[in-house]
Structures are given as structure tokens and as C-alpha cells.
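Topology and contacts: notes
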Amino acid sequence: MWKNRNVWIILIGEFIAGLGLWTGIIGNLEFMQALVPSDFAKSLILFAGLLAGVMVGPLAGKVIDSSSKKRVMLISGFGRMVSVMFMFLAIEFQSIIFMIIFMIAIQISAAFYFPALQSSIPMIVKDKDLLEMNGVHMNVSTVSRIAGTALAGAMLVVMSLSSLYMASMVAYGFLFALTFLLNFEDASDNKKDEKGKNAGSFKEVLPVLKETPIALTVLILTFIPFLFIGGFNLMVINISEIQDDQTIKSFIYTIEGICFMIGAFAVKRISNDKNMVPLMFGFVTLIALSHLSLYFADIKWVTLFSFGLFGLAVGCFFPIAATIFQTKIPKEYHGRFFSFRNMLDRVLFQVVLLGTGLFLDTIGLQMMAIVFGLLSLTLILIYGLRLFRQPVAIAQQKTP
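Residues numbered from 1 in each chain as written. Predicted model: local features only at pLDDT ≥ 70, side-chain atom pairs only at ≥ 80, totals over all residues. Heavy atoms only, no water.

**Here's the deal with the overall build of the protein chain**
- Of the regular secondary structure elements, the protein chain holds 17 helices and zero strands.
- Considering the protein chain as a whole, with its 400 residues, one finds that 50% of them fall into the buried category.
- Long-range contacts, defined here as pairs at least 24 residues apart, represent 84% of the contacts in the protein chain between residues at least 6 apart. (Helix = DSSP H or I, 4+ residues; strand = E, 2+ residues; numbered from the N terminus. Buried < 20%, exposed > 50% of the residue type's maximum accessible area, 1.4 Å probe, protein only. Contact = heavy atoms within 4.5 Å.)

Below you can see the structure in the form of C-alpha cells.
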């Protein structure tokens, strides 16, 4: 796999693009913090971009399946470069409208780019290397997030906001150039349209989930990390205001990212087929506790501990969840199930984003942390008892 030039192009491109993405995100937070006093208004701005991404999702899927994936990545990559121009206009005119246009444009580009990238990976590496490739790709993305946020925090001290977005645009341009170098056989052009028309709908996934209680439970439990992830950026802004410290934003992203990588690496050593379900419940409980600990968000070291604990727990939870989905859901439903999950994740993200903004404006970060943490523990208790009592019920049904 490591002798494949396409693998290196994708990984290097992911790292460079990640630097640009997270440099831009830090710039977005800084821009909104200066012009938008309401946390709910900030969430609405972020929501606009995410909603646009969800709305074009079905179209993106059809385009990706019916045309060259490399071409889709090139066009969407160019679109990301163009979208940054709207942020230059937003900074020049101190305009929130231009920022909203930027958020919409970049999310639409991402809705085409990332599915095209994910669907091209199986064409680049052999089936036996897919797991390794996806794992390395995730870690490269995490490293770029750590480096991007740390770099952006340092750049804000000595450079203007416009320079930050210029760096982001250069990174996207480098990714665009690297994409031209990709060379792989794309089978999508040879697929028959009739096959795509006869593909099953999302509704067929629901009976499968009902017949697979552990997969349904994991799907519901993924709501708990999304309670944290959905409002992540807004919480970071709020914490920096509570502590009156702009540098805390970079520290939070760095600590959380490092702990996420440690968790993703360690989970392979501590898990096996027999203890994955108890471990999953243990890690999701740690996520709930990390939310509760944000009640002490005015204390710097407690804040860093909370986000570090979350990163460690979620870095362990997601690989276990993915493994359960891959092994418990029948393979003939994998495509529809993971598409269904992706859309569900985006909707959950948006709902939590709006809810976080509303709660931050009304009850504040510390009370919101208590509410979300208790809600998470309630879900864990309900579905944990239901799942672990089920083997007893099955055994009783088999008894004559």
C-alpha cells in the first residue's frame, strides 16, 4: 500500500487541506466573536452552512456515482478556493451576510468533495488494506486539526485575520494541484444507470435495525458525543469569554485532538470481540462525565481536563461503534446504512448546534453542561439496562 503514489497524494492532500480548514475555522470564530454578540445567532450562522450541505447531499451522491470522482474532487476543490473570496469581502466590509455566503459555499463544496474522496479510496487500495488506509487517513486528519488550530492561534497574535484566510486559500490551492496528480481507474463511468435506479431506499434499513438491537443501541448512543461535538465551537468561544483568554481556544483544540489520537490508538490494545459492548458503555459514560465537568468551565485546568477526557473517550468510542456496525449489520445493507447514518449525524449536529446556541444565551454554559450531562447519563442507563437484560429474555423464550 505504501508504494502506491495515490495513497501518499491523498494523505498529504488531507494534511494540507486540514491545515487550511482549521485555520479557517479559527478565523470564523474570531470574526463572529467580534461582530456577533449572541451565541444563538452564531449557531444560526453555522447552521446555514450545514443545512446547505445536507440539502445538496442527495444530488452530490448521484453526481459522484455517475461521473468521474477525480473530476468531482477537482471541481469541488476549486469551489472551496472561490468560497474563501467571500470571507475577504466579509472582512473588508465587516459583513455577516458575506460570511454566511462563505459558510454555505464551503459546505456545499465539502458535500461533494468528501464523499467523492471516500468512494475513491477503495479504488486506490486493495480490500485488505482498506482498514489500515482509513485508520491512517483519520489520524492524518486529526494531526492536521491539531497543527491547524495551533498554527492559527499563533498567527492571530502576529498577523491579521485576512492573512489567516490567505493561508487557508493557499492550502486549498495546494490540495487542488495535488488532486490533478491522482491516477486511478474509476469504475463509476461504466456503471449502468438502471442499477442505480433499482438501489434500495433508506426505509429498508429500519427493519434491519429493529432486528439488530445492538446496532440500534449504538446508533442511539452516538447522540451523546454529538451533544458535545455539535456545540464544540460555540462552547470554545464561550469558555474563552468566561476566562477572558483568547489563547485557550488553541489549547482546547490541541489537547482534545492529542487525546483523541491516543484513544484511537489505545482502543485496539484493550478491546476484543467479547468486551466491546461493555467498553462502549464505559467510554460513552466518560463522555457524559466530561460534559458534566464543564460546570467548572471558569477554571482553566478543569476545562482542559474536560476536553482531554472527551477526546480520549470519543477516540475510543467511534472505532468500537464503527466495528459493531460493520460486523452486526448485514453487508448487503452497508451502503444504505452508512448513508443513512451520515445524514442522521448531520441532522443531529444541526439540532445540537441550535440547541447549544439557545442554551448558552438563556441558561449559560455551566447549567447547559449539567442538562446535557444528565441527559446523556439517562440515555446510557435506559439503553444499557435494555440491552443487557435482553440476553436473559432470549434465554427465557427458548426455555420450553
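**Thoughts on the packing of aromatic side chains**
- Taken as a whole and assessed by the stated rule, the structure comprises twelve aromatic pairs.
- Here the aromatic rings of Phe176 and Phe180 are separated by 5.2 Å at their centres, their planes lie at 80 degrees, and the arrangement is edge-to-face. Here Phe176 pairs with Phe180, and both are found in helix H7 (residues 161-180), just four residues apart, close to one helical turn.
- Taking 5.2 Å as the distance between ring centres and 75 degrees as the angle between the ring planes, the aromatic pair formed by Phe232 and Phe307 counts as edge-to-face. Residue Phe232 is found in helix H12 (residues 232-243), and its partner Phe307 is found in helix H15 (residues 300-328); the two are separated by 75 residues along the sequence.
- Under the relative-accessibility criterion, Phe307 is labelled buried at 0%.
- Over the ring of Tyr113 we find Arg80, and its NZ or CZ is 4.6 Å from the ring centre. (Phe/Tyr/Trp six-rings, centres within 6.5 Å; stacked < 30°, edge-to-face > 60°. Lys NZ or Arg CZ within 6 Å of the ring centre and 35° of its normal.)

**So, the side chain of Asn233**
- Structurally, Asn233 is set in helix H12.
- The exposure class of Asn233 is buried, given its relative accessible area of 19%.
- If we skip the residues at most four places from it in the chain, Asn233 touches Ile25, Leu29 and Tyr253.

**A word on the environment of Asp245**
- By the element assignment, Asp245 lies in the loop between H12 and helix H13 (248-270).
- You can call Asp245 buried: its relative accessible area is 17%.
- C-alpha separation for the pair Asp245 and Lys300, spaced 55 residues apart in sequence, amounts to 9.6 Å.
- Those residues within four positions of Asp245 in sequence are excluded, and the remaining contacts are Ser240 and Lys300.

**Concerning the environment of Leu286**
- When you line up the elements, Leu286 lands in helix H14 (residues 276-292).
- Classification of Leu286 as partly exposed rests on a relative accessible area of 28%.
- Along the sequence, Leu286 and Gly311 sit 25 residues apart, while their C-alpha atoms lie 10.0 Å from each other.
- Filtering out sequence-adjacent residues up to four positions away, Leu286 remains in contact with Leu309 and Ala313.

**Considerations on a nonpolar patch on the surface**
- A surface patch of nonpolar side chains, about 780 Å² in accessible area, is lined by Tyr295, Phe296, Ile299, Trp301, Phe305, Ile363, Met367 and Val371.
- Mapped onto the nonpolar patch, the elements with two or more residues apiece are H15 and helix H17 (364-398).
- Structurally, the position occupied by Phe305 is in helix H15.
- Under the relative-accessibility criterion, Phe305 is labelled partly exposed at 49%. (Patch = residues over 30% accessible without salt bridge, like charges linked within 9 Å, V, L, I, M, F, W, Y side chains within 5 Å. Areas by Shrake-Rupley, 256 points an atom, 1.4 Å probe, with all protein chains shown as cover. Salt bridge = Lys/Arg side-chain N within 4 Å of Asp/Glu carboxyl O.)

**A closer look at the side chain of Asn238**
- Relative to the elements of secondary structure, Asn238 occurs in helix H12.
- Ignoring any residue separated from it by four or fewer positions in sequence, one finds Asn238 in contact with Asp39, Leu360 and Leu365.

**Focus on unusual backbone geometry**
- The residue Gln94 is not glycine, and still its phi comes out positive at about 50 degrees.
- With respect to the helices, strands and loops of the structure, Gln94 is situated in the loop between helix H4 (69-93) and helix H5 (96-124).
- Residue class for Gln94 comes out partly exposed when judged on its relative accessible area of 47%.

**A closer look at the confidence of the model for the protein chain**
- On average, residues of the protein chain score 77 in pLDDT, and 82% of them are at 70 or above.
- Put simply, helix H8 (residues 193-197) is where the protein chain has its lowest mean pLDDT, 43, and H14 is where it has its highest, 89.
- Scored below 50 in pLDDT, residues 190-202 shows seven contacts in the model against residues more than four places distant or in partner chains.
- Counted against residues more than four places away or in other chains, residues 392-400, with its pLDDT under 50, gives zero contacts. (pLDDT = per-residue confidence, 0-100.)

**Some points on H4**
- For H4, built from 25 residues, the straight-helix expectation of 36 Å at 1.5 Å per residue is met to within 8% by its first-to-last C-alpha distance of 37 Å.
- Gln94, located one to two residues past H4, shows a positive phi value of around 50 degrees. (Expected span 1.5 Å × (residues − 1).)

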